[in-house]
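# An overview of the molecular structure
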Amino acid sequence: MGKRAAGILMPISSLPSDYGIGCFSKSAYEFVDWLKEAGQTYWQILPLGPTSYGDSPYQSFSTFAGNPYFIDLDTLVEEGVLDKKDCEKVNWGKKPEEVDYEKIYKGRRDDKGDIQLYVRRDELGDDAYVAFKKLDVGDIIGVKGEVFRTKTGELSARAEEITLLAKSLRPLPEKFHGLTDTEMRYRQRYVDLIANPEVKETFVKRSQILKEIRAYLDEKGFLEVDTPILTPFEIGASARPFYTHHNSLNMDMVLRIETELYLKRLIVGGMDRVYEVGRIFRNEGMDPKHNPEFTSIELYQAFTDFHGMMDLVEELYKRLAQKICGSLVIPYQGKQIDMGHWERLTMIEAVKKYSGVDFNDWKTDEDAIAAAKEHHVELPEVPTKGAILAEFFDAFVEDKLIQPTFIYDYPVEISPLAKRKPDDPAFTERFEYFIDCTEYGNAFSELNDPIDQKGRFERQVAERKAIEPDCKAQVDYDYVNALEYGLPPTGGLGFGVDRLVMLLTDSASIRDVLLFPTMKPIEQ
């Protein structure tokens, strides 16, 4: 018997100019009316009966990868386009899963492949041929027939039976080569995926990136876990949360802004290496690098420190570049990023290198304030030496960090969860890493002193409430309680998956790597 396959009806050339994405296709409705006259509905056309492989009418169908081209080639044999000598026969006696797909598709087994359909009235039958001629672009059909190649090498299928599996009532975009309205692409991703094959490739790579990250961490002995998305209160961090209400408990709850505190509770409990691929929610601004909900990976390892996390980041990113991009030097928005070389600078060194200002010359907070005013650097809400150093970094350094760079030894004022440096308690064992002027991740030696942690939390909440009197932030005393049972020396790391996918797929906007980015609804 012939091989069955399913695919989307697509044209060889551009669609008619009157096809638009915002309206129904007149021809589609005319076809539906024609079907009704024949006693059929558009989603149940000529259903296949039970097959020898089971009772499902679709069980013997496989899907042609990509968007196949189906065209009427009624006279190609007579015109000499088809060459029967090149026709590739398949052992139709095998079940679909046993068929030699490599032979059928000749290397087009992935979802980039195209296939054209060869249809003859005398082989298909008059009624079926008439029905076929009424099909529209975008219709999903099943085909039974013989696979071969034309003289020009086009993979083709000689149709013996055609079954309409789903009717497309809306026309596809005007040009086959793509839906170009960026706003509409994000709002109607389902159309974007059909019209722009490279978009699907981005999300295939996203899946591969996540798979490779998991494989790497699993090989290192990390255990993937899940922690709560709904949390009982807002913590003192600067990120603004989304609120919701739990009806049964009659209490407000907060969508998480991080996974850190729950994961470190697990380290206390003896799970020495854990990670979570988690959805995070922050009620803040939107731009090409920020979406209100995004995916992060946080991981924690007992008995290491922030230097161990640096080594892990460098090793992981090199592996991803090689696996996903095939090279340690990758293109990103017109630049060549060398993932094989990572510079390491303290924040003090970086600020001195790019601004000429030496933190060690500041003896008091007033000295730092004077330097900020002299260099037109914005003062933070609480203008201490450490906080002002961070403002200098933002003003003079970040936009210079094109190649992969670790910046470490952060001021304690902006690092409430990081362990202090033993030789300089004004700084912490913390780093962030930057690529193409963008921060990609944050890590530190975790603070495991419950007394110090409690004091930092209380100061953080007090500072928030002093600036925002209506703020609902609270100290997470249960986390402090967990620390009192003993947190071993631990290294922790968090990074955004979306930015990493942007980097490895050369995507300019975070919306390009989210299947359904947050969009303001269009008023109807």
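Here is a short report on the structure shown in this document. Just so we're clear, the structure is a prediction, and the values are computed from it rather than from any experiment.

So, how was this worked out
- Residue indices follow the written sequence of each chain, beginning from 1 at its first position.
- With the structure being a predicted model, the display of local features is reserved for residues of pLDDT at least 70 and the display and counting of side-chain atom pairs for 80 or more, all residues being used for whole-chain, interface and lining totals.
- Working from all heavy atoms in the structure, the side-chain values ignore hydrogens and water.
- We define the nonpolar core as a collection of buried residues of types Ala, Val, Leu, Ile, Met, Phe, Trp, Tyr and Cys that are connected through side-chain atoms lying within 4.5 Å of one another.
- Burial status follows relative accessibility: with a 1.4 Å probe on protein chains alone, a residue under 20% of its type maximum counts as buried, one over 50% as exposed, and anything between as partly exposed.
- Secondary structure elements are taken from DSSP: a helix is a run of H or I of four residues or more, a strand is a run of E of two residues or more, and numbering for both begins at the N terminus.
- In what follows, salt bridge is the name for a side-chain nitrogen of Lys or Arg lying within 4 Å of a carboxyl oxygen of Asp or Glu.
- Any two strands are treated as partners once DSSP identifies two or more bridges connecting them.
- Every helix has an expected span of 1.5 Å times one less than the residues it contains.
- We define a polar contact as two N or O atoms separated by no more than 3.5 Å, with the added condition that, inside protein, one atom must be a possible hydrogen donor and the other a possible acceptor, whereas residues neighbouring each other in sequence contribute only through side-chain atom pairs.
- The arc in question is the one traced by the directions running from the helix axis out to the C-beta atoms.

## So, the nonpolar core
Residues Ile213, Tyr317, Met339, Phe431, Tyr433, Leu493 and Phe495 are the most contacted members of the largest nonpolar core, which totals 43 residues. For this core, the element with the highest residue contribution is helix 10 (residues 306-325), accounting for 10 residues. Counting 21 residues, the second-largest nonpolar core is a separate cluster that includes Met347, Val377, Phe393 and Tyr410.

## Overview of the pattern of salt bridges
Enumeration over the complete set of coordinates arrives at 33 salt bridges. We note a salt bridge from Asp409 to Lys421, for which the minimum N-O separation is 3.4 Å. Linking Asp409 in strand 15 (residues 405-411) with Lys421 in strand 16 (residues 420-421), this pair joins segments that are 12 residues apart in sequence. When its relative accessible area of 12% is taken as the criterion, Asp409 is described as buried. Salt-bridge contacts for Glu432 lead to Arg430; the nearest nitrogen and oxygen are separated by 3.3 Å. Exposure remark for Glu432: the relative accessible area of 13% places this residue in the buried category. Via salt bridges that share partners, Glu234, Arg240, Arg464 and Glu468 belong to a single interconnected network.

## A word on the environment of Asp311
Relative to the helices and strands, Asp311 resides in helix 10. Asp311 gets classed as partly exposed once you look at its relative accessible area, which sits at 45%.

## Side note on the sheet that holds strand 7 (residues 230-231)
If you walk across this open sheet you meet the three strands as 7-9-8, and the pairing is antiparallel. The open sheet is flanked by strand 7 and strand 8 (243-246), the only strands paired with a single partner. Pairing analysis gives two bridges linking strand 7 to strand 9 (residues 251-255), with the strands arranged antiparallel. When the sheet's bridge partners are listed, Thr231 is paired in strand 9 with Val254.

## Considering helix 8 (residues 197-219)
Look at helix 8: 33 Å from first C-alpha to last across 23 residues, which is about the 33 Å you get at 1.5 Å a residue. Residues of helix 8 that are buried: Val199, Thr202, Phe203, Arg206, Ile209, Leu210, Glu212, Ile213, Tyr216 and Leu217. Positive phi appears at Gly221, one or two residues downstream of helix 8, with a value of about 90 degrees.

## Points about the side chain of Gln116
By secondary structure assignment, the location of Gln116 is in strand 3 (residues 116-118). Judged by relative accessible area, which is 11%, Gln116 ranks as buried. Here the side chain of Gln116 touches Ser156 through a polar contact of 3.0 Å, side chain to side chain.

## Considering helix 5 (residues 126-133)
Turning to helix 5, its buried residues number three or more, namely Tyr129, Ala131 and Phe132. Relative to the axis of helix 5, the buried residues are bounded by an arc of 160 degrees and lie together on one face.

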